[in-house]
Structures are given as structure tokens and as C-alpha cells.
Amino acid sequence: MENHFASQLKKLRTKQGFSQEDLAQQLFISRQAVSRWEAGTATPDLNTLIKLTQLLDCSLDELVFAQPASEPQKTKATGMNFWEFIHLDWWLVFAFGGFFIWMLRAIVRLFS
């Protein structure tokens, strides 16, 4: 993956309305450091990158790779098979079993 950090930093900084000086003051660094990052001659350390994502209200992927943050993948809902049902709701087997036995006895008494 290509690193788009320099251009993204400038884009996101101006989008938030920060000057290089403003950003530098919030990060407790020099304005020249921010200038070097935007020129692509230097890169910040990981802790500073994390602070930048918080200040610029973006994800790390968006800042470094110019990609929007990927949404968590949704798992496909699948039906549950008989054994999963028994495993999770085993108590229902006794309830329905008792009901069917009671019904069977009632039917047998009715025709006896």
C-alpha cells in the first residue's frame, strides 16, 4: 500500500481549520516539524500519529493510506441446526416433550 500521509495531513488539517502553527502547538512540537511531514521529508512517530487522528477526527487508515475507515464486517446470520438448538435451548425439549406426552395420554384415554 502506498503512503499518502503528507497530502492527507495537509488536507485534513485544512479541513479542520488548523494552521501548521495551531497543529504544532497542540502536539507540543515545532511548526517546522509539521511542515516537514506535509513535505514528505519526515514522518511522525506512532504516538504522534494517534494524537493526530484525534485532533483531525479521522482514522489512522484515512490519515496514512487515504482510505476511509473500514466498517466492521457484519457476520451473515445463518439458521441454527437441530444440535445447536438443543445445545442452546435444551430445556425446551423437556417442556415440549412433557406437553406431547400429556397430549398422547389424553388422546389414548379419549379413545379407550
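Residues numbered from 1 in each chain as written. Predicted model: local features only at pLDDT ≥ 70, side-chain atom pairs only at ≥ 80, totals over all residues. Heavy atoms only, no water.

### A closer look at the nonpolar core
Then, number 1: Grouped together as the largest cluster of nonpolar side chains are 15 residues, with contacts concentrated most on Phe5, Leu9, Leu23, Trp37, Leu52, Leu56 and Leu63.
Then, number 2: For this core, the elements supplying multiple residues, two or more each, are helix 1 (5–15), helix 2 (20–27), helix 3 (31–39), helix 4 (46–56) and helix 5 (60–65).
Then, number 3: Setting aside chain neighbours within four positions, we find Leu56 in contact with Leu9, Leu12, Arg13, Gln16, Phe18, Leu23 and Leu63. (Core = buried A, V, L, I, M, F, W, Y, C linked by side-chain atoms within 4.5 Å. Buried < 20%, exposed > 50% of the residue type's maximum accessible area, 1.4 Å probe, protein only. Helix = DSSP H or I, 4+ residues; strand = E, 2+ residues; numbered from the N terminus. Contact = heavy atoms within 4.5 Å.)

### Remarks on the environment of Leu55
Then, number 1: Following the sequence through the fold, Leu55 ends up in helix 4.
Then, number 2: Between the C-alpha atom of Leu55 and that of Gln16, which follows or precedes it by 39 residues, the distance is 8.6 Å.
Then, number 3: Apart from the residues within four sequence positions on either side, Leu55 is in contact with Gln16, Phe18, Leu23, Gln26 and Leu27.

### Describing the side chain of Thr48
Then, number 1: Following the sequence through the fold, Thr48 ends up in helix 4.
Then, number 2: Apart from residues lying up to four places away in sequence, Thr48 is in contact with Leu27 and Trp37.

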